[in-house]
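For reference, the chains in residue letters:
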Amino acid sequence: MTIALVDDSDRDIKLLQDCLSRYCLEHHVYMNIEKFTDEHKFLHSMQHTAYDLVFLDIYMKRMNGIQLACEIAKNDSKCQVIFITSSQEHAVAAYRVHAVDYLVKPYNYADLEDALRHYEQISSRFARYIELKEGRYHTRVRLSDIMYTDYSNHYIQVHTISCIVRSYMSFDTFLPMLEPYSNFLWCYRNCTVNMDYVESFTQKEFILKNKERIPIAAARRKEILQNYADYIFDHQSKGDLMS
């Protein structure tokens with residue numbers, strides 16, 4: 001999932017990032033974390049990035065956190081907010097803007113863990129993941145974070161927006177995990193692509209938003225491109241494609 005940390009204190013952002021890194025390690029989840037000390041730069045970033053969760057300081061320099069939370073809701077109603085502040089003064093206002101939780105500085109790791117557990121319980125987008133065994137551990141990978149998957153030396157490689165998750169299994173075992181989700185397209189040998197990340201295509205390959213190129217199987221080219229065209233038409237009409 002993609003998370004924004006919005007706080008005008010570099011020190012507080014560093015503390016929060018360290019806690020989130022620990023959470024990822026202990027709970028075997030991945031987070032793409034972006035940091036902002038300027039609230040206007042954060043709002044500008046929302047024009048091209050869909051955030052799942054924002055950790056938001058209430059006391060900012062130009063705009064207080066309650067106002068900023070209202071702007072977040074206007075831009076993306078699915079984005080959730082956890083407030084972090086040095087005072088309980090705005091607790092009621094925070095819940096009026098439907099904040100997931102409200103952490104008072106100095107908070108500890110257990111407080112943060114509780115807030116993220118609360119977020120996990122109420123967020124349907126967080127719950128959509130696959131679980132893979134990576135080494136000795138089972139790791140949850142958000143479906144919306146997966147750009148594409150491929151297969152190499154008996155390992156499934158799941159390429160996400162922030163890392164590559166490798167799991168020892170056959171492609172035939174892995175493929176059914178993605179089959180229920182219409183945005184994943186089997187496009188080449190042991191390779192699937194998340195069509196939400198496709199920026200353009202040629203007759204031979206898909207070009208992703210990060211400029212990586214995913215081949216299209218020549219024998220199935222007509223079928224694959226038709227499936228992609230159908231997906232784009234259907235989801236553009238619904239207005240739910242990723243920006």
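For clarity, every value in this text was computed on a predicted model and none was experimentally measured. (Residues numbered from 1 in each chain as written. Predicted model: local features only at pLDDT ≥ 70, side-chain atom pairs only at ≥ 80, totals over all residues. Heavy atoms only, no water.)

Colleague: Would you take a moment to explain the overall build of the protein for this structure?
Modeller: On a plain count of helices and strands, the protein comes out with eight helices and 15 strands. Counting only residues that meet the buried cut, the protein has 47% of its 243 residues in that class. Contacts in the protein between residues at least 24 apart in sequence constitute 51% of all its contacts with a sequence separation of at least 6. Carbon and sulfur atoms make up 49% of the accessible area of the protein, which totals about 13,000 Å². (Helix = DSSP H or I, 4+ residues; strand = E, 2+ residues; numbered from the N terminus. Buried < 20%, exposed > 50% of the residue type's maximum accessible area, 1.4 Å probe, protein only. Contact = heavy atoms within 4.5 Å. Areas by Shrake-Rupley, 256 points an atom, 1.4 Å probe, with all protein chains shown as cover.)

Colleague: Sorry, what's going on with the sheet that holds strand E2 (residues 32-36) here?
Modeller: Hydrogen bonding along the main chain pairs the strands of a sheet, whether they run parallel or antiparallel. An order of E2-E1-E3-E4-E5 is seen for the five strands of this open sheet, with the pairing classed as parallel. A single partner strand is all that each edge strand has here, and the edge strands are E2 and strand E5 (101-104). Within the sheet, the average angular offset between the axes of one strand and its neighbour, ignoring direction, is 20°. With four bridges joining them, strand E4 (residues 80-85) and E5 adopt parallel strand pairing. The residue bridging Ile84 from the neighbouring strand is Leu103, located in E5. Set on the sheet, helix H5 (residues 109-122) makes contact with strand E3 (53-57), E4 and E5; between it and E5 the angle comes to about 175°. (Pairing = 2+ DSSP bridges. Axes fitted to C-alpha atoms, helices over the stretch in contact; angles between N-to-C directions.)

Colleague: How should the packing of aromatic side chains be read in this particular structure?
Modeller: Tallying each qualifying case throughout the model produces seven aromatic pairs. Look at Phe36 and Tyr51: their rings are 6.4 Å apart centre to centre, the planes differ by 85°, and that puts the pair in the edge-to-face class. Of this pair, Phe36 sits in strand E2 while Tyr51 sits in the loop between helix H2 (39-45) and E3, placing them 15 residues apart in sequence. Among the residues examined, Phe36 registers a relative accessible area of 12% and is labelled buried. A relative accessible area of 0% means that Tyr51 is categorised as buried. Between Phe42 and Tyr51, the ring centres sit 5.5 Å apart and the planes meet at 45°, which makes this aromatic pair tilted. Here Phe42 matches Tyr51 in class, with each residue buried. Members of the aromatic cluster, joined through ring pairs, are Phe36, Phe42 and Tyr51. Sitting over the ring of Tyr109, Arg22 keeps its end group 3.8 Å from the ring centre. Sitting over the ring of Tyr129, Arg140 keeps its end group 5.2 Å from the ring centre. (Phe/Tyr/Trp six-rings, centres within 6.5 Å; stacked < 30°, edge-to-face > 60°. Lys NZ or Arg CZ within 6 Å of the ring centre and 35° of its normal.)

Colleague: What is the right way to look at the sheet that holds strand E11 (residues 184-188) in this model?
Modeller: Pairing is antiparallel across the open sheet formed by five strands, whose spatial order is E10-E9-E8-E12-E11. Here the strands that pair on one side only, and so sit at the sheet edges, are strand E10 (164-168) and E11. Across the sheet, the mean angle separating the axes of adjacent strands is 20° when strand polarity is ignored. With two bridges joining them, strand E8 (residues 146-152) and strand E12 (residues 191-194) adopt antiparallel strand pairing. Counterpart to Tyr148 in the pairing with E12 is Val193.

Colleague: How should I be thinking about the environment of Ser182 in this particular structure?
Modeller: Within the secondary structure, Ser182 is located in the loop between helix H7 (171-178) and E11. A relative accessible area of 48% means that Ser182 is categorised as partly exposed. For the pair formed by Ser182 and Asn194, sequence separation is twelve residues and the distance between their alpha carbons is 9.0 Å.

Colleague: Explain the nonpolar core here, please?
Modeller: The nonpolar side chains of soluble globular proteins are, as a tendency, buried together. In this structure, Leu16, Leu20, Met31, Phe55, Leu112 and Leu116 are the most contacted members of the largest nonpolar core, which totals 23 residues. Put simply, the parts of the chain that give this core at least two residues each are strand E1 (2-6), helix H1 (10-27), E3, E4 and H5. The biggest single contributor to this core is H1, with six residues. Non-local contacts of Met31, meaning those with residues more than four positions away in its chain, are made with Met1, Ile3, Leu20, Tyr23, Cys24, Leu116 and Ser162. With 21 residues, the next largest nonpolar core counts Ile66, Phe83, Ala99 and Tyr102 among its residues. (Core = buried A, V, L, I, M, F, W, Y, C linked by side-chain atoms within 4.5 Å.)

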